[in-house]
Amino acid sequence: MFFFSFFVFIILQRLCELVIAKRNEAWMKKQGAYEAGQSHYKWMVSMHAAFFAALFTEVYVLSGGMYHFSFLLFSFFVLVQLARVWAISSLGKYWNTKIIVLPNAKVVLRGPYRFMKHPNYIVVAAELVLVPLMFQAYWTLAIFSVFNLCILAVRIPLEEQALTNETNYGEVMQNTGRFFPAKKSQN
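Residues numbered from 1 in each chain as written. Predicted model: local features only at pLDDT ≥ 70, side-chain atom pairs only at ≥ 80, totals over all residues. Heavy atoms only, no water.

Right, let's get into the packing of helix α1 (residues 2-30) against helix α3 (residues 71-91). Relative to each other, α1 and α3 sit at 10 degrees, their axes nearing to 14 Å. Judged on the interaxial angle alone, α3 and α1 are roughly parallel. When α1 is examined against α3, the residues Phe 2, Phe 6, Phe 9, Ile 10, Gln 13, Arg 14 and Glu 17 are found in contact with a partner set consisting of Phe 74, Phe 77, Gln 81, Arg 84 and Ile 88. Of the residues contributing to the contact of α1 with α3, the split by class is seven nonpolar, two polar and three charged. (Axes fitted to C-alpha atoms, helices over the stretch in contact; angles between N-to-C directions. Helix = DSSP H or I, 4+ residues; strand = E, 2+ residues; numbered from the N terminus. Parallel < 35°, antiparallel > 145°, perpendicular 65-115°, else oblique. Contact = heavy atoms within 4.5 Å. Nonpolar A, V, L, I, M, F, W, Y, C, P; charged D, E, K, R; others polar.)

Okay, structure coming up:
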């Protein structure tokens, strides 16, 4: 029963995020924003949908819902969710699941974005590891960790290039690590 409730929670969370993203996209486009790197987005959405199908299949269908609950892994999951809220709320109306770029906008340097360029991608990667680990879905963990790396290898350069071309991203983020806080140079 816990798995099913947890699974529904994550699905509802993603649906809420899509609603927020759509609202933010509409607001940004009214301000003159545009979408960059659209061609990869369908693959990213497909990968996430397939992740949920694989997780459900591996945990609920193939193992009959049998798993060993780990409070430690669940605690890490809760921390990752707090990081997700921090990252999304820090970007505010600029957060999106797509690469939506508003020319000449000031890059957000609040929350975790003060320390790294892509905290939200760390959150997603952590979830793609933690959730399958919580339910011993090792095939799902292995396959979708690799798929996520492939998607990010395409998405991150597209996002960074679009932001560099249209905003002050290149200037303000030049000494910021992609995924980990970078030591700031002393000027």
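Another aspect to go through is a nonpolar patch on the surface. There is a patch of nonpolar side chains on the surface, built from Phe 4, Val 8, Leu 12, Leu 15, Leu 18, Tyr 60, Val 61 and Leu 62 and spanning about 760 Å² of accessible area. Those elements giving two or more residues to the nonpolar patch turn out to be α1 and α2 (41-62). The element that contributes the greatest number of residues to the nonpolar patch is α1, accounting for five residues. Considering the arrangement of structural elements, one finds Tyr 60 in helix α2. Assessed through its relative accessible area of 42%, Tyr 60 is described here as partly exposed. (Patch = residues over 30% accessible without salt bridge, like charges linked within 9 Å, V, L, I, M, F, W, Y side chains within 5 Å. Areas by Shrake-Rupley, 256 points an atom, 1.4 Å probe, with all protein chains shown as cover. Salt bridge = Lys/Arg side-chain N within 4 Å of Asp/Glu carboxyl O. Buried < 20%, exposed > 50% of the residue type's maximum accessible area, 1.4 Å probe, protein only.)

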